[in-house]
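# Chain and residue survey
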Amino acid sequence: PTEDGGPSTSCSHVRPDPSTIVYVTGSTALAGFISEVASALASTVAIVYQGSGSCVGVRSALDPGDNVLSSSNGTATYYTTSGVEETCVLDPAEGLVADVGASDVFYSTCYLGQSAQPPLPASVGENFGPVQIMNFAVPQSSTQQSISLTAAYYVFGFGGSTYPVAPWVDPSQLQIRNANSGTQSLIAAAIGVPPDAWKGVQHGTSAQVGTALVAAGQSGTQRVVDSALGILASDYLIQNAQTLRGLAVKDENANCAYYPDSTAFARDNANARDGHYPLWGPSHFYARVDPSTNLPLKAGVSQFIDGLNGLTALPGLDLVAEYASKGLIPECAMHVTRANDGGDYTPFKAPVT
């Protein structure tokens with residue numbers, strides 16, 4: 001194997017110096033954002049990224065010995081030094097472990113329903129990235145405009161049986177992810193349905209959810225169109241705005257439903273930033289560190305995290321524009337915060353630095 005060796009290369013051989021390879025696994029909703037950061041860093045460090053699901057990312061960071069990297073969890077990509085995106089192979093026999101677990105949710109959310117939630121080990125540092133917004137998504141041609149968290153509880157908790165909520169009564173038209181998905185886990189915390197108990201058609205990626213919703217929108221039958229409902233991050237909806245859109249969401253005890261933005265067509269995230277829209281949370285990057293110094297085990301990890309947070313400028317990447325294009329919110333733009341997924345808000349004002 002040689003440097004930048006192409007799609008059949010082991011990921012451990014994409015650079016001659018192993019210390020310049022950083023393994024990131026987890027969130028698929030953050031894939032586009034991570035890809036842009038990885039591309040900007042490609043001349044100095046190879047970010048090998050695998051979209052495996054947020055909770056796979058969490059477990060890979062917290063318990064790497066029992067969660068070695070494997071291509072069975074998703075395709076691994078990296079950028080060559082010349083800026084070309086390639087794929088590589090993660091062979092579990094090599095025993096490679098993640099340097100960073102990327103997650104849409106707090107690590108505790110991945111252990112909901114278990115008898116004990118493990119504490120964050122001293123060997124793992126938690127780093128917050130930009131805030132993500134999640135959505136209940138429908139085809140553009142759907143007549144539906146809003147949904148309440150209570151309605152979503154019955155829709156995804158019962159799938160149209162026992163407690164039907166029209167028009168979402170056909171479980172074959174409910175497009176969901178799985179218990180490893182940060183998108184599903186974050187929304188699960190908000191509606192009170194455990195992520196492994198959802199009714200609907202499971203998909204491995206956001207793109208598969210989107211494809212299924214688009215197909216429903218093209219069915220030619222309004223009943224099918226209106227019965228289609230899925231879950232997607234704002235990034236995916238922005239990139240597919242011609243065919244898909246998000247519903248306004250009514251929080252518990254709220255008087256009406258709100259879009260993440262000030263209107264259905266705005267792009268200001270105003271209602272998410274001030275706490276009217278409930279489906280959001282900070283992105284999380286769990287990095288393996290030296291407990292004695294709390295510094296990442298690889299220098300490239302600091303470059304990656306500082307780059308995505310804007311602490312270090314990345315060549316050729318306008319981070320504010322990148323946030324805007326992906327529907328992400330920088331922490332300094334938020335007026336509320338929360339300590340756990342689905343938890344209550346508290347006022348927030350970013351410190352001045």
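You'll find the structure just up there.
Residues numbered from 1 in each chain as written. Predicted model: local features only at pLDDT ≥ 70, side-chain atom pairs only at ≥ 80, totals over all residues. Heavy atoms only, no water.

So, on to the state of the cysteines. Here the structure, examined in full by the defined rule, presents two disulfides. One disulfide bridge connects Cys11 with Cys88, the sulfur atoms lying 2.0 Å from each other. Where Cys11 bonds to Cys88 through sulfur, the torsion about that S-S bond is close to 95°, and the disulfide is right-handed. With a gap of 77 residues between them, Cys11 in the segment before β1 (21-26) and Cys88 in strand β4 (residues 85-88) connect regions that are remote in the sequence. Like Cys11, the residue Cys88 is buried in the burial classification. For the chain, numbering the cysteines in disulfides from first to last along the sequence yields the connectivity 1-3, 2-4. (Disulfide = S-S within 2.5 Å. Helix = DSSP H or I, 4+ residues; strand = E, 2+ residues; numbered from the N terminus. Buried < 20%, exposed > 50% of the residue type's maximum accessible area, 1.4 Å probe, protein only.)

The amide bond that connects Ala166 to the next residue, Pro167, takes the cis arrangement and shows omega of 5°. Within the secondary structure, Pro167 sits in the loop between α3 (149-158) and β8 (174-176). Even without being glycine, Thr162 reaches a positive phi, approximately 70°. Mapping Thr162 onto the fold places it in the loop between α3 and β8. The class of Thr162 is exposed, set by a relative accessible area of 60%. Although it is not a glycine, Asn269 sits at a positive phi angle of roughly 55°. Tracing the backbone shows Asn269 in the loop between β12 (248-250) and α8 (270-273).

Viewed as axis vectors pointing N to C, helix α1 (residues 31-41) and helix α9 (residues 299-309) meet at an angle of 120°, and their least axial separation amounts to 10 Å. When the axis of α1 is compared with that of α9, the two are oblique. Pair α1 / α9 crosses with right-handed handedness. On α9, the residues that touch Phe33, Ile34, Val37 and Leu41 of α1 are Gln303, Phe304 and Leu308. Here the contact of α1 with α9 is composed, by residue class, of six nonpolar, one polar and no charged. (Axes fitted to C-alpha atoms, helices over the stretch in contact; angles between N-to-C directions. Parallel < 35°, antiparallel > 145°, perpendicular 65-115°, else oblique. Left-handed = near helix turned anticlockwise from the far one by under 90°. Contact = heavy atoms within 4.5 Å. Nonpolar A, V, L, I, M, F, W, Y, C, P; charged D, E, K, R; others polar.)

Here Ala321 is to be found in helix α10 (residues 319-326). We classify Ala321 as partly exposed; its relative accessible area is 40%. In sequence terms Ala321 and Leu237 are 84 residues apart; their C-alpha atoms lie 17 Å from each other.

What follows concerns the pattern of salt bridges. Taken as a whole and judged by the stated rule, the model has three salt bridges. One salt bridge in this structure joins Glu322 and Lys326, with 2.9 Å as the shortest N-O distance. Placement of the pair is Glu322 and Lys326 together in helix α10, with a separation of four residues, close to one helical turn. Accessibility classification places Glu322 together with Lys326 in one group, the buried group. Linked by salt bridges that have partners in common, Asp99, Arg288 and Lys298 make up one network. (Salt bridge = Lys/Arg side-chain N within 4 Å of Asp/Glu carboxyl O.)

Grouped together as the largest cluster of nonpolar side chains are 45 residues, with contacts concentrated most on Phe136, Ile147, Phe156, Ile191, Trp198, Leu229 and Leu279. Sorting the residues of this core by element identifies α2 (54-62), β6 (124-139), α3, β8, α4 (182-191), β10 (229-233) and β13 (280-290) as the ones contributing at least two each. At six residues, the largest contribution of residues to this core is made by β6. In this structure, Ala38, Leu41, Ile305 and Leu314 belong to the second largest nonpolar core, which totals 27 residues. (Core = buried A, V, L, I, M, F, W, Y, C linked by side-chain atoms within 4.5 Å.)

Our next topic: the pairing of β6. With respect to burial, β6 is a largely interior element, 13 of its 16 residues being buried. Relative to β13, β6 runs antiparallel, the two being bridged by eight bridges. The residue bridging Gln132 from the neighbouring strand is Gly281, located in β13. In the sheet, β6 pairs with β10 via four bridges, with the strands oriented antiparallel. Bridge pairing links Ala137 to Gly230 in β10. Looking at chain direction, β6 and strand β11 (residues 244-246) are connected through three bridges and run antiparallel. When the bridges of β11 are listed, Ala137 appears paired with Gly246. (Pairing = 2+ DSSP bridges.)

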